[in-house]
Amino acid sequence: MHHSDWARLEKAGIKVAEFFPALLGKLQLRVNYRNHRKIVVIDGRIGFVGGFNVGREYIGKDKKFGYWRDTHVCIEGSAVTSLAVRFVLDWNYAARENLFLEDRLFEIPTYVRNGRDPVQIISSGPDSQTKTIHDNYLRLIHSAKKHVYIQTPYLIPDDSILDALMIASRSGVDVRIITPHIPDKRYVFEVTRAHYPPLLEAGVQIYEYTPGFIHAKNFVVDDRFAVVGTVNLDYRSLYLHFECAAWMYRCSCIQDMREDFLQTQAKSQEITLEQSQQVSPLTRLVRSVLRLFAPLM
């Protein structure tokens, strides 16, 4: 956030806090440990979580990315309280202010129940010894019986998730992944493509979203489970960033998410094994070198 924007917000009476402020204006010693969560809570009744940041590209105003495809989920009910607690924990750290002393913020509202779909808010970060989101992704993939549909802007999984996806596909599970066709970071895009061949050899179907950049971070498994959150399928999100996501269990919206995946797939280009292997020796070399630095991307 630019200082001018910060000043405008504060002038309007909006409180702003920086999670890991830079030292002496520029030096950032904890650049890897980014707060990547995107949370909105309104009156303790409505919560939002997903891929959307606040920026021009997220509303399609940056033409170099083409059509910006993203997913956010709106939650009502008791899961909103979990989302609010996650925000307050981060705010307390960033602003050095204990909002848990504000009882009014935690008054449980009377909900008008429009459904009883179970939703769980799960978070992870370098402050925890347990890689909760990473491990839940593994559990989802290993539990799949029919299909695993994934949308992710970056496909740089660690060996455990890579193996899980290949094992699921070889076991007869329909595994499909949609990634961007127009990159935001060229070097990350090349590493993403470097991970295609072993997955394609195992029978995983990979599609690149041709209208633009896909920023959604979604899992749909067997029409029973789904995840919408802030977590990219890369090392930074799985190990270094502060992330959160909404886990949905047998919710009515999961079939809608599957249909949305298929509609997005229809606008995407399928990548074949032959296409993934038809690259110049120089490109192959560059990708091999970049893969060595995958944990840093």
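Now for a look at the structure at hand. Keep in mind the model is a prediction, meaning the values are calculated, not measured.

Cut-offs applied
The residue numbering used here restarts from 1 in each chain and proceeds along that chain's sequence as written. The predicted origin of the model limits local features to residues at a pLDDT of at least 70 and limits the giving and counting of side-chain atom pairs to 80 or more, whereas totals for whole chains, interfaces and linings rest on all residues. Working from all heavy atoms in the structure, the side-chain values ignore hydrogens and water. Burial classification: accessible surface area is computed with a 1.4 Å probe over protein chains only, and a residue below 20% of its type maximum counts as buried, one above 50% as exposed, and the rest as partly exposed. Note on conventions: DSSP H or I runs of at least 4 residues are helices, E runs of at least 2 residues are strands, and numbering of each starts at the N terminus. Each pair of strands is called paired provided DSSP finds at least two bridges between the two strands. Only the stretch in contact is used when a helix axis is fitted, and all axes are lines through C-alpha atoms; the angle between N-to-C directions ranges over 0 to 180 degrees. Should any heavy atoms of two residues lie within 4.5 Å, those residues are counted as being in contact. Cysteine sulfur atoms that come within 2.5 Å of each other are treated as a disulfide pair.

Next up on the list: helix α5 (residues 186-194). Where burial is concerned, most of α5 is hidden: seven out of the nine residues are buried. Of all the residues in α5, the buried ones are Val188, Phe189, Glu190, Val191, Thr192, Arg193 and Ala194.

Another aspect to go through is the sheet that holds strand β1 (residues 39-42). Hydrogen bonds along the backbone pair up the strands of a sheet, which may run parallel or antiparallel. One open sheet accounts for three strands, arranged β1-β2-β4; its pairing is antiparallel. Strands with a single pairing partner mark the edges of an open sheet, and in this sheet they are β1 and β4 (72-76). Looking at each pair of strands side by side, their axes are set apart by 15 degrees on average, direction ignored. The pairing of β1 with strand β2 (residues 46-50) spans four bridges and is classified as antiparallel. From the neighbouring strand, Val41 faces β2, where its bridge partner is Gly47. Across the sheet, helix α2 (residues 79-95) lies against β1, β2 and β4, angled at about 120 degrees from β1, the strand it touches most.

Turning our eyes to something else, we now look at the state of the cysteines. A complete count under the given rule lists zero disulfides for this structure. Free cysteine: Cys251, not disulfide-bonded; nearest cysteine sulfur from Cys253 at 5.0 Å. Overall, the relative accessible area of 6% leaves Cys251 in the buried class. Overall, Cys253 belongs to the partly exposed group, its relative accessible area being 26%.

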